[in-house]
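Here's the letter readout for the chains.
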Protein chains: 2
Amino acid sequence: MSSAAAPSRAAPRKLTGKKEEIDAFIDRFDTFLFDCDGVLWQGNHLLPKVVETLEMLRSKGKKLIFVTNNSTKSRAAYSSKFTTFGIPVSVDEIFGSAYSTAVCLARVLKIPKDKRVFVIGEAGIEEELSAEGIQHFGGTQPLWFPEDEVAEHAGPDPSVSAVVVGLDRHISYAKLALAFGYLQDPAVHFFATNVDSTFPTHGKLLPGAGSCSAPLTYMLGGRAPTAFGKPSPAMMESIERRYTLDKSCACMVGDRLNTDIKFGIDGGLAGTLAVLTGVSTEKEILKAGEAGEGPDVYLDCLGDMLG
Amino acid sequence: MSSAAAPSRAAPRKLTGKKEEIDAFIDRFDTFLFDCDGVLWQGNHLLPKVVETLEMLRSKGKKLIFVTNNSTKSRAAYSSKFTTFGIPVSVDEIFGSAYSTAVCLARVLKIPKDKRVFVIGEAGIEEELSAEGIQHFGGTQPLWFPEDEVAEHAGPDPSVSAVVVGLDRHISYAKLALAFGYLQDPAVHFFATNVDSTFPTHGKLLPGAGSCSAPLTYMLGGRAPTAFGKPSPAMMESIERRYTLDKSCACMVGDRLNTDIKFGIDGGLAGTLAVLTGVSTEKEILKAGEAGEGPDVYLDCLGDMLG
């Protein structure tokens with residue numbers, strides 16, 4: 001709190017209603033990375049003037065990349081969600097944590113094709129792993145044995161090379177027991193699509209993907225998963241590998257300080273923009289600014305970019 | 001590791017096969033506190049010579065107290081388990097974490113009778129709370145709304161004064177979401193029967209009660225539950241309040257270093273005895289001894305007390 005510890009970053013500026021400042025901010029960048037839930041929509045409710053704002057940015061020649069930690073949907077399923085909202089977005093513009101995880105496993109870590117990945121998660125992970133040719137089980141598959149036989153089936157399995165955990169709204173004791181059994185072999189990788197503590201939906205906070213891996217970390221005496229979603233540097237590396245991204249001309253737009261804004265700052269992007277339609281509040285944003293962890297600018301909602 | 005940090009406690013001595021030393025050790029105590037699973041039995045399998053060992057101790061006038069962190073059974077249900085194994089034990093000699101929790105809530109913390117307790121756990125907790133006249137819901141009750149309406153029902157509820165978490169082999173996303181919603185009111189107590197990371201059964205390690213509260217701790221940004229089971233001092237206080245216990249003549253017998261043995265040492269009992277039929281291995285016991293956290297003595301199995 002002393003002047004010696006003062007952050008070098010400027011305090012977050014609120015730009016809502018300041019058309020000239022907004023336009024000047026937009027002009028600094030050629031690429032905008034967007035978080036989706038809490039920025040473009042809230043659950044199944046599209047936020048005001050989002051379509052017009054994205055059209056405005058496209059009309060100015062800006063490149064748009066949609067980056068989400070939500071691993072329950074594949075890129076293809078996410079594309080359908082955009083279509084439902086009347087937002088024209090191609091699958092190639094979408095970068096989800098399930099996709100990022102599958103690409104890292106297949107192309108960077110080169111998980112052997114004859115090994116299997118055990119999934120605690122939903123269809124998004126399964127679809128992206130399949131698309132990368134990775135064998136997997138668990139996930140949305142019904143349990144293949146009676147529930148009271150968990151102990152018989154729990155234990156290391158040499159055919160399993162990794163456990164991937166994402167948000168699983170059907171998490172169960174059996175899934176956790178099996179994952180723990182596989183992870184008792186320290187050679188088995190422990191991955192998470194993301195470790196968000198909560199999952200905002202319908203104006204409520206429900207358990208997030210990180211809450212699905214937390215029991216395993218606890219059982220493993222503190223061994224945490226390698227996470228691929230925001231704010232992990234692995235996510236930024238994947239994006240850089242996939243697109244021609246000039247970080248000095250890129251801005252991250254998000255609603256959450258400890259994922260989106262941290263991702264933009266730690267990832268070395270030239271700008272960060274927060275909106276107040278999601279998780280982090282104005283008070284939290286200003287407080288984070290004091291610690292040098294706030295966004296450059298913030299708006300009440302994304303539509304305010306129209307000025 | 002330096003001599004300056006050398007523990008004052010002596011290294012754990014193995015007494016298996018040393019009849020005179022065993023008898024001298026037994027003679028030092030008038031009360032033996034026993035952990036059950038991993039000491040007397042493993043799941044549904046009684047360990048060798050347990051009946052004879054307990055008879056020998058009773059014949060010498062020793063007082064026996066059976067202390068378990070397993071909250072899935074009430075004391076009455078536990079008593080039936082003893083009977084199944086042919087061990088004569090009265091309900092009054094059994095002290096479980098579900099009972100300890102219910103007694104603390106009702107008699108020490110005096111949870112208001114018109115408030116409700118939300119339970120993540122099994123029948124043991126429900127039965128002990130009911131016996132103490134505490135209103136509760138959740139637990140083994142089926143969900144009272146369709147699963148896809150979790151968000152609608154999640155949130156603070158002024159009728160709820162506490163959340164109690166124990167081992168729940170039917171843990172679900174909805175239960176975690178509801179518990180998190182209630183705990184968003186900081187006035188709502190967060191309790192755990194115990195926080196064992198694992199639950200040994202049928203020779204395997206499955207998720208323990210602590211793994212059921214870990215997601216909530218994660219969602220709450222690190223707020224951990226107050227735990228009533230071993231090694232919590234609350235458990236020792238409850239035992240002292242209930243029995244006439246002279247700690248200078250009492251010995252804790254258990255299979256697990258971080259619950260049973262820690263409970264005996266931290267609780268100020270005069271002695272600790274470990275057996276190798278449960279979770280902790282001989283190597284771990286000797287290593288703990290170097291850190292001053294080992295038992296006084298250990299045996300291959302409880303039956304070795306017969307000499």
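Residues numbered from 1 in each chain as written. Chains lettered and ligands numbered in written order. Predicted model: local features only at pLDDT ≥ 70, side-chain atom pairs only at ≥ 80, totals over all residues. Heavy atoms only, no water.

Looking now at the relation of the copies chain A and chain B. When chain A is fitted to chain B, the best match, at an RMSD of 0.0 Å, comes from turning it 180° and sliding it 0.0 Å along the axis. Put plainly, the chains are arranged around a two-fold axis. Both copies present the same face, since 100% of the interface residues in chain A are matched by interface residues at the equivalent positions in chain B. (Least-squares fit on C-alpha atoms with pLDDT ≥ 70 in both. Contact = heavy atoms within 4.5 Å.)

For the rest of this paragraph, the subject is the nonpolar core. By size, the foremost hydrophobic cluster in this structure holds 59 residues, and its most contacted members are Phe118(A), Leu216(A), Phe118(B) and Leu216(B). Excluding residues within four positions of it along the chain, Phe118(B) makes contact with Phe137(B), Gly138(B), Trp144(B), Val160(B), Ala162(B), Val163(B), Val164(B), Lys175(B), Leu178(B), Ala179(B) and Tyr182(B). With 33 residues, the next largest nonpolar core counts Leu64(A), Tyr78(A), Val275(A) and Val297(A) among its residues. (Core = buried A, V, L, I, M, F, W, Y, C linked by side-chain atoms within 4.5 Å. Buried < 20%, exposed > 50% of the residue type's maximum accessible area, 1.4 Å probe, protein only.)

Taken together, the contacts link 33 residues of chain A with 33 residues of chain B. For the chain A and chain B pair, buried surface summed over both sides reaches about 2600 Å², with 68% attributable to carbon and sulfur atoms. On the chain A side of the interface with chain B, the three residues burying the most area are Tyr173(A), Pro207(A) and Tyr218(A), jointly 28% of the side's total. For the pair chain A and chain B, the number of links is 0 salt bridges. (Buried area = accessible area lost by both parts, 1.4 Å probe. Salt bridge = Lys/Arg side-chain N within 4 Å of Asp/Glu carboxyl O.)

All names here are of chain A. The UniProt record annotates "binding site: substrate" (unreviewed entry) at Lys-230. With respect to the helices, strands and loops of the structure, Lys-230 is situated in the loop between β13 (226-227) and α9 (233-242). The exposure class assigned to Lys-230 is buried, which follows from its relative accessible area of 2%. Discounting chain neighbours no more than four positions away, the residues touching Lys-230 are Asp-35, Val-67, Thr-68, Asn-69, Asp-196, Met-235, Met-252, Thr-259, Asp-260 and Phe-263. (UniProt positions renumbered as here; feature names shortened; annotations may be inferred. Helix = DSSP H or I, 4+ residues; strand = E, 2+ residues; numbered from the N terminus.)

With that settled, consider the packing of helix α7 (residues 173-183) of chain B against helix α8 (residues 209-219) of chain B. Residue and element names in this part refer to chain B. Two elements in contact, α7 and α8, have axes whose closest approach is 10 Å; the angle formed by their N-to-C orientations is 45°. Relative to α8, the element α7 is oriented oblique. In terms of crossing hand, the pair formed by α7 and α8 is right-handed. When α7 is examined against α8, the residues Leu-176, Ala-179, Phe-180 and Leu-183 are found in contact with a partner set consisting of Cys-212, Pro-215, Leu-216 and Met-219. Looking at side-chain class alone, the contact of α7 with α8 contains 8 nonpolar, no polar and no charged residues. (Axes fitted to C-alpha atoms, helices over the stretch in contact; angles between N-to-C directions. Parallel < 35°, antiparallel > 145°, perpendicular 65-115°, else oblique. Left-handed = near helix turned anticlockwise from the far one by under 90°. Nonpolar A, V, L, I, M, F, W, Y, C, P; charged D, E, K, R; others polar.)

Here we take up the sheet that holds strand β15 (residues 271-275) of chain A. Residue and element names in this part refer to chain A. An order of β1-β16-β15-β14-β2-β5-β6 is seen for the 7 strands of this open sheet, with the pairing classed as parallel. Among the strands making up the open sheet, the edge pair consists of β1 (13-14) and β6 (94-96). In terms of strand pairing, β15 meets strand β16 (residues 297-299) through 3 bridges, oriented parallel. Within the sheet, the bridge partner assigned to Val-275 lies in β16 and is Leu-299. Against the sheet, helix α3 (residues 75-84) touches β5 (63-68) and β6, its axis set at about 125° to β6. (Pairing = 2+ DSSP bridges.)

This paragraph deals with the side chain of Asp196(A). Following the sequence through the fold, Asp196(A) ends up in the loop between β10 (189-192) and β11 (198-201). When sequence neighbours within four positions are dropped, the list of residues in contact with Asp196(A) reads Asn69(A), Gly208(A), Ala209(A), Gly210(A), Ser211(A), Lys230(A), Arg256(A), Thr259(A) and Tyr218(B).

Bringing the packing of aromatic side chains into the picture now. Counted under the stated rule, the structure contains 34 aromatic pairs over all chains. Grouped by ring-pair contacts, the aromatic residues Phe25(A), Phe29(A), Phe32(A), Phe34(A), Trp41(A), Phe66(A), Tyr78(A), Phe82(A) and Phe85(A) constitute a single cluster. Just above the ring of Phe137(A) sits the side chain of Arg116(A); from NZ or CZ to the centre is 3.8 Å. The side chain of Arg75(B) reaches across the aromatic face of Tyr99(B), ending 3.6 Å from its centre. (Phe/Tyr/Trp six-rings, centres within 6.5 Å; stacked < 30°, edge-to-face > 60°. Lys NZ or Arg CZ within 6 Å of the ring centre and 35° of its normal.)

Our focus in this paragraph is the packing of helix α4 (residues 97-108) of chain A against α9(A). How two helices pack is summed up by the angle between their axes together with the distance between the axes. Residue and element names in this part refer to chain A. Direction vectors running N to C along α4 and α9 enclose 75°, while the axes themselves pass 10 Å from each other. Of the possible angle classes, the one that applies to α4 and α9 is roughly perpendicular. Here α4 contributes Ser-97, Tyr-99, Ser-100, Cys-104 and Val-108 to the contact with α9, which in turn contributes Met-235, Ser-238, Arg-241 and Arg-242. Of the residues assigned to the contact of α4 with α9, the class counts are 4 nonpolar, 3 polar and 2 charged.

To continue, consider the domain arrangement of chain A. Residue and element names in this part refer to chain A. Each assigned domain of chain A is listed here: domain 1 (3-69 + 231-306) and domain 2 (115-226). Using C-alpha coordinates to define each centre, domain 1 is positioned 31 Å away from domain 2. Contacts between domain 1 and domain 2 engage 6 residues on the former and 7 residues on the latter. Where domain 1 meets domain 2, there are 2 residue pairs in polar contact (both at pLDDT 80 or more). Looking at the side of domain 1 that touches domain 2 residue by residue, the classes come out as 1 nonpolar, 3 polar and 2 charged. (Domains from an automatic or database assignment. Polar contact = N/O pair within 3.5 Å; in protein donor to acceptor, adjacent residues only side chain to side chain.)

In the case of a regular strand, side chains alternate between the two sheet surfaces. Residues and elements named next belong to chain B. Where burial is concerned, most of strand β5 (residues 63-68) is hidden: 5 out of the 6 residues are buried. Note that strand β2 (residues 31-34) and β5 share 4 bridges and pair parallel. From the neighbouring strand, Phe-32 faces β5, where its bridge partner is Leu-64. As paired elements, β5 and strand β6 (residues 94-96) share 3 bridges and run parallel to each other. For Val-67, the partnering residue across the bridge sits in β6 and is Phe-95.

All names here are of chain B. The 5 strands lie next to each other as β8-β7-β9-β10-β13, forming an open sheet whose pairing is parallel. Where the open sheet ends on each side, the last strands, each with one partner, are β8 (135-138) and β13 (226-227). For strand β9 (residues 160-165) and strand β10 (residues 189-192), the ladder comprises 4 bridges, and the chain directions are parallel. If you follow Ala-162 over to β10, its bridge partner there is His-189. Relative to β9, α8 is tilted by about 135°, and along the sheet it contacts β7 (116-120), β9 and β10.

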